Amino acid sequence: QVQLVESGGGLVQAGGSLRLSCVASGSTFSIHTMRWYRQAPGKQRELVAGITSGGSTIYVDSVKGRFTISRDNAKNTVYLQMNSLKPEDTAVYYCDQQNAIRNQDYWGQGTQVTVSS
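The residue numbering used here restarts from 1 in each chain and proceeds along that chain's sequence as written. Under the rules for a predicted model, residues below a pLDDT of 70 receive no local features and side-chain atom pairs below 80 are neither given nor counted, while totals for whole chains, interfaces and linings still include all residues. Hydrogens and water are ignored here; the side-chain numbers use all heavy atoms of the structure.

Peer 1: Describe the overall build of the protein chain, listing the residues and the values that go with them.
Peer 2: The secondary structure content of the protein chain amounts to zero helices and 11 strands. What counts as a helix is a DSSP run of H or I of at least four residues, what counts as a strand is a run of E of at least two, and both are numbered from the N terminus. Its helices and strands in sequence order give the protein chain the pattern β-β-β-β-β-β-β-β-β-β-β, from N to C terminus. Computation of the radius of gyration draws on C-alpha atoms, with the globule rule given as 2.2 Å multiplied by the number of residues to the power 0.38. Over its C-alpha trace the protein chain gives a radius of gyration of 13 Å, about what one expects of a compact globule, namely 13 Å for 117 residues. Each of the three principal axes of the protein chain carries a C-alpha extent, and together these read 40 × 25 × 20 Å. A total of 117 residues make up the protein chain; the buried ones form 40% of that total. The long-range fraction of contacts in the protein chain, counting pairs at least 24 apart against all pairs at least 6 apart in sequence, stands at 55%. We get accessible surface area from the Shrake-Rupley algorithm with a probe of 1.4 Å; when it comes to residues, only the shown protein chains can shield them. Element-wise, carbon and sulfur atoms account for 46% of the exposed surface of the protein chain, whose accessible area totals about 6,000 Å². Charge centroids of the protein chain, computed over 11 positive and 8 negative side chains, lie 2 Å from each other. Exposure categories follow from relative accessible area, calculated using a 1.4 Å probe and restricted to protein chains: below 20% of the type maximum is buried, above 50% is exposed, and the middle band is partly exposed. Whether two residues touch is decided by their heavy atoms; if any such pair falls within 4.5 Å, the residues are in contact. Positive charge is attributed to Lys and Arg, negative charge to Asp and Glu, and no charge count is given to His or to the chain ends. A charged residue contributes its charge at one atom only: NZ of Lys, CZ of Arg, CG of Asp or CD of Glu.

Now the structure itself:
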């Protein structure tokens, strides 16, 4: 069974940094696209960043130049480095595995990020 466990969220002042981690188990981590989503109160969940098995990355415009997604296949882990955080980045951040073998998505439980002004 595929499991994703996020960590690294917390409370930070505007302009600060956080690094989120997501550890995956139960799958061949290296072959799957991994993505970070976020959901703020009263808003729909949105894609923040994604990284393919080959290392190609995508970002939502609002985080370009501030966030960096990366992966360590040896550790079955995907990261989201978040710099220059803004209050509008406040949300629950979720890790997602786009599982190519099972043709479905798996989600973590989420980690809260709160940015104070």
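Following the structure, the description resumes.
Peer 1: Lay out the pattern of salt bridges in plain terms, naming residues and giving numbers.
Peer 2: Think of a salt bridge as a Lys or Arg side-chain nitrogen and an Asp or Glu carboxyl oxygen that are within 4 Å of each other. Tallying each qualifying case throughout the model produces six salt bridges. Between Asp 96 and Arg 35 there is a salt bridge, and its shortest N-O distance comes to 2.7 Å. Of the two residues, Asp 96 is situated in strand β9 (residues 91-99) and Arg 35 in strand β4 (residues 33-39); the sequence distance between them amounts to 61 residues. In this structure, Asp 96 and Arg 35 share a single accessibility class: buried. In this structure, Arg 35 and Asp 105 form a salt bridge, with 2.7 Å as the shortest nitrogen-oxygen distance. Of this pair, Arg 35 sits in strand β4 while Asp 105 sits in strand β10 (residues 104-107), and the two are 70 residues apart along the sequence.

Peer 1: Give a detailed account of unusual backbone geometry, specifying residues and quantitative values.
Peer 2: In this structure, Ser 84 is a non-glycine residue whose phi angle is positive, near 50°. With respect to the secondary-structure elements, Ser 84 resides in the loop between β8 (77-82) and β9. By relative accessible area, which is 40% here, Ser 84 ends up partly exposed. Located in the positive-phi region is Asn 103, a residue other than glycine, with phi close to 55°. Following the sequence through the fold, Asn 103 ends up in the loop between β9 and β10.

Peer 1: How would you summarise the sheet that holds strand β7 (residues 67-72) if you had to cite specific residues and measurements?
Peer 2: Strands are labelled as partners when DSSP assigns at least two bridges between them. Taken together, the four strands give an open sheet; going across it, the order is β1-β3-β8-β7, and neighbouring strands pair in antiparallel fashion. Each edge of the sheet is formed by a strand with only one pairing partner; in this case those strands are β1 (3-7) and β7. Averaged over all pairs of adjacent strands, the angle between their axes in this sheet comes to 15°, without regard to strand direction. In this structure, β1 lies alongside strand β3 (residues 18-25), joined through five bridges in antiparallel fashion. A fitted line through C-alpha atoms serves as each axis, taken over the contacting stretch for helices, and the angle formed by two N-to-C directions is quoted from 0 to 180°.

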